[in-house]
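# Inside the fold
Okay, here's what each chain looks like letter by letter:
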Amino acid sequence: MTKAMDYPGNLFVVAAPSGAGKSSLVKALMELDKRVSPSVSHTTRAPRGQEVHGREYYFVSHETFDQMVTQNAFLEWASVHGNRYGTSKTAIEQRMSQGVDVVLEIDFQGAIQVKRIFPNAVLVFILPPSWEELRSRLERRNEDSAETIELRLQNAAQEMAHAREFDFVIINELFERALFDLKAIVHAQRLRYGAQRIARADTFGALNIH
Ligand SMILES: Nc1ncnc2c1ncn2[C@@H]1O[C@H](COP(=O)(O)OP(=O)(O)OP(=O)(O)O)[C@@H](O)[C@H]1O
Ligand SMILES: Nc1nc2c(ncn2[C@@H]2O[C@H](COP(=O)(O)O)[C@@H](O)[C@H]2O)c(=O)[nH]1
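Residues numbered from 1 in each chain as written. Chains lettered and ligands numbered in written order. Predicted model: local features only at pLDDT ≥ 70, side-chain atom pairs only at ≥ 80, totals over all residues.

As annotated in an unreviewed UniProt entry, the chain is Guanylate kinase from Hydrogenophaga electricum. Recorded in UniProt for the chain, the comment headed Sequence similarities (unreviewed entry) runs: "Belongs to the guanylate kinase family." Checking UniProt for the chain, the heading Function (unreviewed entry) contains the comment "Essential for recycling GMP and indirectly, cGMP." (UniProt positions renumbered as here; feature names shortened; annotations may be inferred.)

Okay, here's the thing in structure tokens:
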């Protein structure tokens, strides 16, 4: 796979313990910023609530997921809360090569894999303001069984221990404040790499290198 610097699009990775609010934040970001496009992951998990195949996820069998692993079709994949999730390479490459900024909503294991392949990817970790609020958000969402909520809360501590490996950490207490922080990170990255690309183009032009 080509390195991130060769693509005009940026790559953002947003991770968080389940219920911290990453899907809500990414959805709100995309409503405000049409240059950001989501990646639709593949998962062996069953659909929940109003989820639609091809919109929230591609819901696939274990056999299909195994095949994709064997064919090296994933940029990254991981087992999370007892299910497998993966990001397909082709969809990401296609959009980034067209100058689209892609955002991945994935777990910390996947985020670390992505950073190894795309060192310029920006990793953002979303934290809840407290344990009580995390539990309460999962319960209020009303989409998971009590057993699933317990499993997700148990896994949250291990996930949050990896927050320091990320480029940015946002505490999602007041939603609008957290959204403002996420927008600022996206804008800063565009300015930074936009400027680097212009500088590279100028240097190459001056040296007559193409
Ligand atoms: N700042 C906030 N204040 C109060 N509630 C919030 C806030 N952010 C998100 N929520 C609510 O918390 C619940 C969990 O949010 P969301 O589904 O976005 O979490 P998530 O991190 O994407 O979880 P998962 O990984 O399980 O998909 C939702 O009901 C959402 O509306
Ligand atoms: N490593 C990856 N993790 C992913 C991917 N898609 C989603 N996820 C993460 O899984 C958990 C659970 O998600 P849920 O939809 O079942 O609540 C959450 O942390 C997601 O971010 C992926 O492609 N790769």
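## Focus on the overall build of the chain
Counting its secondary structure elements, the chain contains 7 helices and 9 strands. Within the chain, the fraction of its 210 residues that count as buried is 29%. Relative to all contacts within the chain whose residues are 6 or more apart in sequence, the contacts with residues 24 or more apart total 68%. (Helix = DSSP H or I, 4+ residues; strand = E, 2+ residues; numbered from the N terminus. Buried ≥ 20, exposed ≤ 12 C-beta atoms within 10 Å, placed from the backbone. Contact = placed C-beta atoms within 7 Å.)

## Some words on the environment of A111
Relative to the assigned elements, A111 resides in helix 4 (residues 108-117). On the neighbour-count criterion, A111 (23 C-beta atoms within 10 Å) is buried. Residues A111 and P38, 73 residues apart in the sequence, show an inter-C-alpha distance of 15 Å.

## Let's talk about the pairing of strand 1 (residues 11-15)
Each regular strand shows side chains that alternate between the opposite faces of the sheet. Burial analysis of strand 1 places 5 of its 5 residues in the buried class, the great majority of the element. Neither face of strand 1 is exposed, since L11, V13 and A15 on one face and F12 and V14 on the opposite face are all buried. Where strand 1 lies against strand 7 (residues 101-105), 4 bridges are found, and the strand directions are parallel. Across the sheet, V13 pairs through a bridge with L104, a residue of strand 7. (Pairing = 2+ DSSP bridges.)

## A few points about the site of ligand 1
The full set close to ligand 1 counts 13 residues, and S18, G21, S23, S24 and R137 are the nearest of them. Counting residues per element, the ones that place at least two in the shell around ligand 1 are helix 1 (22-32) and helix 5 (131-141). When its residues are assigned to classes, the shell around ligand 1 shows 3 nonpolar, 6 polar and 4 charged. (Near = placed C-beta within 6 Å. Nonpolar A, V, L, I, M, F, W, Y, C, P; charged D, E, K, R; others polar.)

## Some remarks on the site of ligand 2
Close to ligand 2 lie 16 residues, the nearest being S41, A78, Y85, I106 and G110. Those elements giving two or more residues to the shell around ligand 2 turn out to be strand 5 (74-80), strand 6 (83-88) and helix 4. In terms of residue count, the dominant contributor to the shell around ligand 2 is strand 5 (4 residues). Across the shell around ligand 2, the residue classes tally to 5 nonpolar, 7 polar and 4 charged.

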